[in-house]
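Structure at a glance
For reference, the chains in residue letters:
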Amino acid sequence: MFVGTCWNGRLRGMRLGLRILGYTLKSCASELGFLLFSLTMAIVIFATIMFYAEKNVLGTKFISIPEAFWYTIVTMTTLGSVTAPHRRRLWV
């Protein structure tokens, strides 16, 4: 009996949390839209600049603008710790 009551309480709490999240997203829809629009425009501009800057370089990985889009998206949305060279820790 206690397990069923506990599970029912968790579902009620999740439902309330999802409702609050929905209201928050509705109230911030224009700001989120502007953020996505700005991010998309920055990706298009920087990917195009990278493609044309690397167009005549031998061995470039940017053979098309969509390839440059992918690199720009990954660069703008990650922290960069995966591609950064490993450094020796100074405190050892």
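Here the structure is shown first, and the text comes after it.
Let me begin by describing the structure that accompanies this report. (Residues numbered from 1 in each chain as written. Predicted model: local features only at pLDDT ≥ 70, side-chain atom pairs only at ≥ 80, totals over all residues. Heavy atoms only, no water.)

**Describing the packing of aromatic side chains**
Stated formally: Working definition: rings of Phe, Tyr and Trp (its six-membered ring) pair if their centres are within 6.5 Å, and the pair is stacked with planes under 30 degrees apart, edge-to-face with planes over 60 apart, and tilted otherwise. Exposure categories follow from relative accessible area, calculated using a 1.4 Å probe and restricted to protein chains: below 20% of the type maximum is buried, above 50% is exposed, and the middle band is partly exposed.
Applying the stated criterion across every chain, the model contains two aromatic pairs. For the ring pair Phe 51 and Tyr 52, a centre distance of 5.1 Å and an interplane angle of 70° mean the geometry is edge-to-face. On the accessibility criterion, Tyr 52 (49% relative accessible area) is partly exposed. With a centroid separation of 5.3 Å and 70° between ring planes, the pair formed by Phe 62 and Tyr 71 is classed as edge-to-face. On the basis of relative accessible area, Tyr 71 is assigned to the partly exposed category, the value being 43%.

**Thoughts on the packing of helix H2 (residues 29-53) against helix H3 (residues 65-77)**
Here is the rule we go by: Angular values range over 0 to 180 degrees, each being the angle between N-to-C directions of two axes fitted as lines to C-alpha atoms, with helices fitted over their stretch in contact. Strands here are runs of E lasting at least two residues and helices are runs of H or I lasting at least four, both read from the DSSP assignment and numbered beginning at the N terminus. Here the angle decides the label: under 35 degrees means roughly parallel, over 145 means roughly antiparallel, 65 to 115 means roughly perpendicular, and every other value means oblique. Helix crossings fall into two classes, left-handed where the near helix is turned counterclockwise from the far one by less than a right angle and right-handed where it is turned clockwise. Contacts between residues were defined by any pair of non-hydrogen atoms, one from each residue, lying within 4.5 Å. The residue classification treats Ala, Val, Leu, Ile, Met, Phe, Trp, Tyr, Cys and Pro as nonpolar and Asp, Glu, Lys and Arg as charged. All others, Gly included, are polar.
Interhelical geometry of H2 versus H3 gives an angle of 125° and a closest axis separation of 8 Å. By the angle class used here, H2 and H3 are oblique. Two packed elements cross with a definite hand, and for H2 against H3 that hand is right-handed. On H3, the residues touching Leu 39, Ala 42, Ile 43, Val 44, Phe 46, Ala 47, Thr 48, Met 50, Phe 51 and Tyr 52 of H2 are Ile 65, Ala 68, Phe 69, Tyr 71, Thr 72, Ile 73 and Met 76. Along the lines of polarity and charge, the residues of the contact of H2 with H3 split into 15 nonpolar, two polar and no charged.

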